[in-house]
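# Overview (structure and organization)
What follows is the residue order along each chain.
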Amino acid sequence: MSDTVFRRRTALLTATFAAAASLALTACGTSTDTGAKSNPTVVADSGSSSTATPKTDAGDTKAAASGTDVAEAVSKSGGSSTTAKGSSGSKSTSSIVTCTGANTKVTAQTVTRPLNHLLLTVKNTGSKTCYLYGYPALRFTDAQSVPPVDEDTQPQAVTTLRPGQSGYAGVLLSAADGSGSGGYTAKTLSVIFQNRALDFVGSGVKVALPSKGVYIDSSLTTTYWLTNPSDALN
């Protein structure tokens, strides 16, 4: 074989190997690219899956935001509610007034037991709750002074009358055994109320007595205003 032919074959083989190597490298590159493309696809799928986590986080964020809103709403609602209660309480307190002849009706009734007693009833005819302070000052016909109160009947708290409710006071008119002095028959009566300072105010409310009047003497006393008529007469 001549040198010229040998060189041509060698060159041809070299070119063939080079082309084969080039094709191999190209195939590897394609495989590598395909792998790279495949991986992002998997990551993308995983990303979708993992994107659920951010969505969950977003959900949590929304939930947190929603929770904050609820908390604020509750806080605001609670504040309003508390304020409303406070206002209601204030209004309720401020709406309680003193019982007087202007917002009550006073009646007097004689009773058979105990003897020589008169039962005074005060009914709240107003639209607001009223405090019935202390005891009634009684002015019978020609009386020179207000009869004393039986201190043993003082209640633990001020008698409070809601609209329509009644309070009571029992009046001992005269001694059952006749031991009283200066007795006479009284045909008129005025009842004077006390205020918060326990001062008697106003000229009094005229209260009707039985047509024949009531007999009174030096034993004349009254109880404090009470919530129960039985207590007032005992």
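In what follows, the accompanying structure is described. As the structure is a prediction and not an experimental result, all values here were calculated from the model.

### Some words on the sheet that holds strand S3 (residues 117-124)
Sheet architecture is open: 4 strands sit in the order S2-S3-S6-S11, paired in antiparallel fashion. Because the sheet does not close on itself, it has two edges, and the strands there are strand S2 (104-111) and strand S11 (221-222). As paired elements, S3 and strand S6 (residues 166-172) share 7 bridges and run antiparallel to each other. By the bridge assignment, Leu118 is partnered in S6 with Val171.

### What about the packing of aromatic side chains?
A complete count under the given rule lists 4 aromatic pairs for this structure. Between Tyr131 and Tyr133, the aromatic rings sit 5.6 Å apart at their centres with planes inclined by 50 degrees, giving tilted as the arrangement. Classification of Tyr131 by relative accessible area gives partly exposed; the value is 27%. Between Phe193 and Trp225, the ring centres sit 6.1 Å apart and the planes meet at 20 degrees, which makes this aromatic pair stacked. You can see Phe193 sitting in strand S8 (residues 189-194) and its partner Trp225 sitting in the loop between S11 and helix H2 (229-233), a full 32 residues away along the chain. Residue Phe193 is classed as buried on the basis of its relative accessible area, which comes to 5%. Taken together, the aromatic side chains of Tyr135, Phe200 and Tyr224 make up a single cluster linked through ring pairs.

Cut-off values and rules
Residues numbered from 1 in each chain as written. Predicted model: local features only at pLDDT ≥ 70, side-chain atom pairs only at ≥ 80, totals over all residues. Heavy atoms only, no water. Pairing = 2+ DSSP bridges. Helix = DSSP H or I, 4+ residues; strand = E, 2+ residues; numbered from the N terminus. Phe/Tyr/Trp six-rings, centres within 6.5 Å; stacked < 30°, edge-to-face > 60°. Buried < 20%, exposed > 50% of the residue type's maximum accessible area, 1.4 Å probe, protein only.

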